[in-house]
Amino acid sequence: MSTQAIARKIARYAEGLGFTVEQHASGISESMYLTLWYAPALAQPLRIRISTHDLSATAIKKHGLADFEIGSHSARCSDMAECVRWLRAIAGRELPPKLAVSMQHEFHASRPNTLITLYHVCDQAAYTALQQRGYLNGDGRRAERWLRDMEWQPYQWMTEQMEQRLPPKPANAGKYPVWAWYTHGGKQPPDLRCGGIGTKGKRMVMLTIQLPSSEVLLSDYDEWHIVLNNGPCTDNEIEWEHWNALEKVWPAEQYNTAMRASWEKIFIPGRSVDPQWGGNPAARHNYIQACFWTLEKTMVKAERWFTAR
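These numbers were taken from a predicted model, which means no experiment stands behind them.

Hey, could you go over the environment of Trp263 for me, with residue numbers and the actual values?
For Trp263, the location among the structural elements is in the loop between helix H10 (252-261) and helix H11 (275-278). Trp263 sits 30 residues away from Cys233 along the chain, and the two C-alpha atoms are 5.6 Å apart. Leave out the neighbours within four places in its chain, and Trp263 touches Trp152, Trp157, Ile226, Val227, Asn230, Gly231 and Cys233. A polar atom in the side chain of Trp263 sits 2.7 Å from the backbone oxygen of Gly231.

In structure tokens:
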């Protein structure tokens, strides 16, 4: 299928959802652009860029189908089905997961009454505490067992980021955040047949919860491990080598302060990253975590028990 045919198909579907297609024109010879407007959800146009004439099944699987661009933020959808899901999400006043992290302050925080759906996994003890007490918070008991021997405090850093970026914490907030999945493996809800969701072999429950999106801080889960490992967050190999050189000549305190400032990139995954360094753009940011202060019992909309794999 040609880029023109793909663009026409996307435009027809978008118009059916209430988007206004303000522009339908080709740019350079290898690109086709759609500019769409959806007033209830977007403060600026959505631009869809289909960037190649090679739209064979093999090429789409390898490189993705099209880029969704909103202002300076962009993410690549993998195929037509994902493109349709993203348009539906935006029409429903949500953001596609791959755009949600980098746009959260422009899209979510500016709309405090917009709800966001998250997925929190816990064991029987935590579930019972939630039922009895009416809320869960991050008291730090589990984290501090292994944090005490670390020279840096990644959970404290995330807490400080939340204090800077979110409304004031409620009175029943804990020392650290509560964590949940926004998307896991690019899926909402997470596929509980996958490994790594909960403690292996243990009976767990996944709670589907909703809360105001302005009270949630989203970040890239894979890049969060850079924070856990106390390394620089880089976008290409040259940048990595630059940090290695600085570490050899800067005093430790100066280096650590600058290097840890790079961690804030985990909140803006829409930035440009060298594909040879960050992997296939269509597969990036499939794991997005959410941090918030308190899980109230009233936030729970559904529960599903499972044995973690």
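Having seen the model, we can carry on.
Account for the packing of aromatic side chains, naming residues and giving values.
Applying the stated criterion across every chain yields a total of 10 aromatic pairs. Ring centres of Tyr155 and Trp224 lie 5.8 Å apart, and the angle between their planes is 90°; this geometry places the pair in the edge-to-face category. A residue pair is termed long-range when its members are at least 10 positions apart, and Tyr155 in helix H7 (residues 154-165) and Trp224 in helix H8 (residues 221-228) qualify at 69 residues. With relative accessibility at 16%, the residue Tyr155 sits in the buried group. Classification of Trp224 as buried rests on a relative accessible area of 3%. Ring plane angle 65° and centroid distance 6.2 Å describe the contact between Trp181 and Tyr287, whose orientation is recorded as edge-to-face. Residue Trp181 is located in strand S8 (residues 178-183), and its partner Tyr287 is located in the loop between H11 and strand S11 (288-292); the two are separated by 106 residues in the primary sequence. A relative accessible area of 12% places Trp181 in the buried class. For Tyr287, a relative accessible area of 29% gives the class partly exposed.

Can you lay out helix H3 (residues 80-91) for me, pointing to particular residues and giving the numbers?
Taking 1.5 Å per residue as the helical rise, H3 with its 12 residues ought to reach 16 Å, and the 17 Å between its terminal C-alpha atoms agrees with that figure. All of the buried residues in H3 are Glu82, Cys83, Val84, Trp86, Leu87, Ala89, Ile90 and Ala91.

Tell me what's going on with the side chain of Asp191, and back it up with residues and numbers.
Turning to its location among the elements, Asp191 is positioned in the loop between S8 and strand S9 (203-212). Judged by relative accessible area, Asp191 falls into the buried class, the value being 15%.

So what's going on with the pairing of strand S3 (residues 46-50)? Which residues, and what values?
Each regular strand carries side chains that alternate between the two faces of the sheet. Burial along S3 is one-sided: the residues Leu46, Ile48 and Ile50 are buried and none of Arg47 and Arg49 is. Two elements, S3 and strand S4 (residues 66-70), share four bridges in a ladder whose sense is antiparallel. When the bridges of S4 are listed, Arg47 appears paired with Glu69.

Can you break down unusual backbone geometry residue by residue, with the values?
Cis peptide bonds are those with omega within 30 degrees of zero, and the linkage from Gln188 to Pro189 qualifies with 0°. Positive phi is not limited to glycine here, since Asn230 has a value of about 60°. Checked against the element boundaries, Asn230 lands in the loop between H8 and helix H9 (237-249).

Conventions used here
- Residues numbered from 1 in each chain as written.
- Predicted model: local features only at pLDDT ≥ 70, side-chain atom pairs only at ≥ 80, totals over all residues.
- Heavy atoms only, no water.
- Helix = DSSP H or I, 4+ residues; strand = E, 2+ residues; numbered from the N terminus.
- Contact = heavy atoms within 4.5 Å.
- Polar contact = N/O pair within 3.5 Å; in protein donor to acceptor, adjacent residues only side chain to side chain.
- Phe/Tyr/Trp six-rings, centres within 6.5 Å; stacked < 30°, edge-to-face > 60°.
- Buried < 20%, exposed > 50% of the residue type's maximum accessible area, 1.4 Å probe, protein only.
- Expected span 1.5 Å × (residues − 1).
- Pairing = 2+ DSSP bridges.

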